[in-house]
Amino acid sequence: MTVPEVDARASECLELAVQLATRNVADGGGPFGAIVVTSDGAVHHGVNRVTRDNDPTAHAEVVAIRAAATAMRNFDLHGAVLYTSCEPCPLCLAAALWARIDRVYFAADRHGAAAAGFDDALFYEYFAGNQPELLPVAHRGIPSSVVPFDAWRSAQGKTAY
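Residues take numbers from 1 onward in each chain, read along the sequence in its written order. With the structure being a predicted model, the display of local features is reserved for residues of pLDDT at least 70 and the display and counting of side-chain atom pairs for 80 or more, all residues being used for whole-chain, interface and lining totals. Computation of side-chain values: all heavy atoms of the structure, hydrogens and water removed.

A few points about the packing of helix α3 (residues 60–72) against helix α4 (residues 90–98)
Moving on, step 1. It is the contact of α3 with α4, at a shortest axis distance of 8 Å, that shows an interaxial angle of 20°. By the criterion of interaxial angle, the relationship of α3 to α4 is roughly parallel. As for how α3 packs across α4, the hand of that crossing is left-handed. Each of Glu61, Val62 and Ile65 in α3 lies in contact with α4, whose residues at this interface are Leu91, Cys92, Ala95 and Ala96. The axes used here are C-alpha line fits, helices contributing only the stretch in contact, and every angle between their N-to-C directions lies in the interval 0 to 180 degrees. Secondary structure is summarised from DSSP: a helix means a run of H or I of at least four residues, a strand means a run of E of at least two, and numbering begins at the N terminus for each. Note on angle classes: values under 35 degrees are labelled roughly parallel, values over 145 roughly antiparallel, values of 65 to 115 roughly perpendicular, and the remainder oblique. Note on convention: near helix rotated counterclockwise from far helix by under a right angle means a left-handed crossing. Clockwise means right-handed. Whether two residues touch is decided by their heavy atoms; if any such pair falls within 4.5 Å, the residues are in contact.

A short note on unusual backbone geometry
Moving on, step 1. For Arg73, which is not glycine, the phi torsion reads 55° and is therefore positive.
Moving on, step 2. Tracing the backbone shows Arg73 in the loop between α3 and β3 (81–86).
Moving on, step 3. The phi dihedral of Arg100 falls on the positive side, at around 65°, and the residue is not glycine.
Moving on, step 4. By the secondary structure assignment, Arg100 is in the loop between α4 and β4 (103–108).

Observations concerning the sheet that holds strand β2 (residues 43–47)
Moving on, step 1. Two strands qualify as a pair provided DSSP detects at least 2 bridges between them. Strand order in the open sheet made by the four strands is β2-β1-β3-β4, with mixed pairing throughout. Edge positions in the sheet fall to β2 and β4, since each of these pairs with one other strand and no more. Neighbour-to-neighbour, the strand axes of this sheet turn through a mean angle of 15°, independent of strand direction.
Moving on, step 2. Relative to β3, strand β1 (residues 33–37) runs antiparallel, the two sharing four bridges. Residue pairing across strands places Val36 opposite Leu82, the latter belonging to β3.
Moving on, step 3. Along the sheet, α3 makes contact with β1, β2 and β3, crossing β2 at roughly 145°.

As for the packing of aromatic side chains
Moving on, step 1. Stacked, edge-to-face and tilted are the three classes for Phe, Tyr and Trp ring pairs, Trp counted by its six-membered ring, which pair at centre distances within 6.5 Å; planes under 30 degrees apart are stacked, over 60 edge-to-face, the rest tilted. Enumeration according to the criterion identifies five aromatic pairs in this entry.
Moving on, step 2. With a centroid separation of 5.9 Å and an interplanar angle of 75°, the aromatic rings of Phe75 and Tyr161 are classed as edge-to-face. A residue pair is termed long-range when its members are at least 10 positions apart, and Phe75 in the loop between α3 and β3 and Tyr161 in the segment after α7 (147–154) qualify at 86 residues.
Moving on, step 3. For Tyr161, a relative accessible area of 66% translates into the label exposed.
Moving on, step 4. Aromatic side chains Tyr83 and Tyr105 sit 5.3 Å apart centroid to centroid with 5° between the ring planes, which places their arrangement in the stacked category. Here the residue Tyr83 occupies a position in strand β3, and Tyr105 occupies one in strand β4, the gap between them amounting to 22 residues.
Moving on, step 5. Relative accessibility decides the category of a residue: with a 1.4 Å probe and only protein chains considered, values under 20% of the type maximum give buried, values over 50% give exposed, and everything between is partly exposed. For Tyr83, a relative accessible area of 5% translates into the label buried.
Moving on, step 6. Given the relative accessible area of 23%, Tyr105 is considered partly exposed.
Moving on, step 7. Each member of the aromatic cluster is reached from another via a ring pair, and the members are Phe75, Trp152 and Tyr161.

Brief notes about the side chain of Thr38
Moving on, step 1. Among the structural elements, Thr38 can be located in the loop between β1 and β2.
Moving on, step 2. Throughout this description, a polar contact denotes any pair of N or O atoms lying within 3.5 Å of each other; where both atoms belong to protein, one of them has to be capable of donating a hydrogen while the other can accept it, and for residues adjacent in sequence the pair is counted only when both atoms sit in side chains. Here the side chain of Thr38 touches Asp40 through a polar contact of 2.5 Å, side chain to side chain.
Moving on, step 3. Only 3.4 Å separates the side chain of Thr38 from the side chain of His44, close enough to count as a polar contact.
Moving on, step 4. Other than its neighbours up to four places away in sequence, Thr38 contacts His44, Ala68, Met72, Leu77, Gly79 and Ala80.

From the geometry alone we can't say anything about function, so treat these as descriptive.
Written out as structure tokens, the structure is:
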């Protein structure tokens, strides 16, 4: 594909993500939509379902990644592209990394989301190491902590990831 073809595809996919987000608001959901286009060209949709499902992880990007992985019957989405109506939050970026998504395009940025009441700035600060008190995390090693890893190393027929 040439650069203009890639740009046209990105714009088309971003428009679809924005349409999904807008329709989701009308359906009582949050203003976020996403699609994952897998390496075979299939399009997998996701909308924000946090309040609808009482699931704090049901962000549009995560929902789209789950749909793609389920359809592909594979947790590894190498070759896939994520298009989202808004800049992915740290949760969604982590999900894209774990899914091995190749590239992410977004329409609105985090500042537009913040102006609408969806401010993730504190989370970005936390991950930058500037707000450790937001969620204290402490290591408390116990002797049995290595047992699951030993079991994994000796397991036969496991699927590595």
